[in-house]
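So you can see what is in the structure, the chains are spelled out below.
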Amino acid sequence: IVRDIELRDKIRDWLKEKKFGDMEKAKAYLKENGLIINGTPVRKVRLLWKLEGVKPIRRKGFDYESSTPEAKRKSLRVYQTQNNHHIEIRERVNKKGEVKWSGDVVTNFDAAKRVRVERPKPKPKGWSPPPPVNREDTDDGRFVMSLSRGEIVHMRHPETQERNYFVVFKTDSSKAIHFTPHTDANSASSRKKDVKLREDIRLVPNDLRQAMVFTEDGIPEKVKISPLGEVKVLAND
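Residues numbered from 1 in each chain as written. Predicted model: local features only at pLDDT ≥ 70, side-chain atom pairs only at ≥ 80, totals over all residues. Heavy atoms only, no water.

Undergrad: Explain the nonpolar core to me, please; I cannot follow it from the model alone.
TA: Grouped burial of nonpolar side chains is what soluble globular proteins tend to show. Within the largest apolar cluster, 18 residues are counted, with the highest numbers of intra-cluster contacts made by Ile89, Met145, Leu147, Met155, Ile177, Phe179 and Leu208. Of all elements in the fold, only β5 (84-93), β6 (99-107), β7 (142-148), β8 (152-156), β9 (163-171), β10 (177-181), β11 (201-203) and α4 (205-211) reach the threshold of two or more residues within this core. The biggest single contributor to this core is β7, with three residues. Ignoring anything within four residues of it in the chain, the contact list for Phe179 reads Leu147, Val153, Met155, Phe166, Val167, Val168, Phe169, Glu199, Asp200, Ile201, Leu203 and Leu208. Membership of the second largest hydrophobic core comes to five residues, among which are Val2, Ile11, Trp14 and Leu35. (Core = buried A, V, L, I, M, F, W, Y, C linked by side-chain atoms within 4.5 Å. Buried < 20%, exposed > 50% of the residue type's maximum accessible area, 1.4 Å probe, protein only. Helix = DSSP H or I, 4+ residues; strand = E, 2+ residues; numbered from the N terminus. Contact = heavy atoms within 4.5 Å.)

In structure tokens form, the structure reads like this:
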């Protein structure tokens, strides 16, 4: 997003004038010819933020000619997927007979799409929208559990091997999950010197499998800790 509103509008008008519907074609043109608006070359712009993980959104409207609620719009509307909502972890056995965990990261945008489905008409008895987490077994393997920010697991510290409860504070698009001890309330970053920062334990799903503590039934211990420190193992993910 360009910071200067007037320049932002001029760039939009330039894109419309050149009829660039595909941004990749616009980037290729700019790389070769540069950007000239009203005879003035634009070499640098200041950005408010950089859009990443953008997905197109289907635009709704009414087509009066065909009397249908789905009208085709020429302009494209996009949405930034923002943060990751959760990661779905599944288990499978490879050809060597080794158990492996893999993860599928779901963004806030995709999680909202799962929940906000169109309600059937008439509404069937007992119908409810699907959950944001897909707990079905897929080609990637058997569903094990999902993890999102703020959820806690019982596992061994990768370095000390001491058992403790660790909370998720971030999930990367690279399928890495960031944990910290549930009692660690330090800041993630600081400009001040000699300030103790939050411990960042980065694990991919298969490394998490090796660190997890399992119940007697072989279920990974995903827990909930009350304000009084009472630990409850979640039977259902």
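From this point, the narrative continues.
Undergrad: What is the right way to look at the sheet that holds β6 in this model?
TA: Through backbone hydrogen bonds, the strands of a sheet pair up, either in parallel or in antiparallel fashion. Read across the sheet, three strands follow the order β6-β5-β7 without closing on themselves; strand pairing throughout is antiparallel. Where the open sheet ends on each side, the last strands, each with one partner, are β6 and β7. Adjacent strand axes in the sheet meet at a mean angle of 25°, parallel and antiparallel pairs treated alike. Where β5 lies against β7, six bridges are found, and the strand directions are antiparallel. For Ile89, the partnering residue across the bridge sits in β7 and is Met145. (Pairing = 2+ DSSP bridges. Axes fitted to C-alpha atoms, helices over the stretch in contact; angles between N-to-C directions.)

Undergrad: Any chance you could explain the environment of Leu7 here in plain terms?
TA: Tracing the backbone through its elements, the reader meets Leu7 in helix α1 (residues 5-18). Sequence separation between Leu7 and Val45 is 38 residues, and the spatial gap between their C-alpha atoms is 8.7 Å.

Undergrad: What is the right way to look at the environment of His182 in this model?
TA: Tracing the sequence through the fold places His182 in the loop between β10 and β11. Through-space distance from the C-alpha of His182 to that of Asn164 is 8.4 Å; in sequence the pair is 18 residues apart. In this structure His182 touches Asn164, Tyr165, Phe166, Val167 and Ile225, once residues within four positions along its chain are discounted.

Undergrad: Help me understand the sheet that holds β9, please; the structure alone is not making it clear to me.
TA: Across the sheet, six strands lie side by side as β11-β10-β9-β8-β12-β13; this open sheet has antiparallel pairing. The sheet terminates laterally at β11 and β13 (231-233), the two strands that pair on one side only. Looking at each pair of strands side by side, their axes are set apart by 45° on average, direction ignored. For β9 and β10, the ladder comprises five bridges, and the chain directions are antiparallel. The partner of Lys170 across the bridge, within β10, is His178.

Undergrad: Help me out: how do you make sense of the pairing of β10 in this one?
TA: Remember that side chains alternate between the two faces of the sheet whenever the strand is regular. Across the five residues of β10, five count as buried, placing the element largely inside the fold. Burial along β10 is two-sided: the residues Ile177, Phe179 and Pro181 and His178 and Thr180 are all buried. Connecting β9 to the antiparallel partner β10 that follows it, the hairpin turn spans five residues, and Lys175 within it adopts a positive phi of roughly 75°. Sheet topology places β10 next to β11; three bridges connect them, and they run antiparallel.

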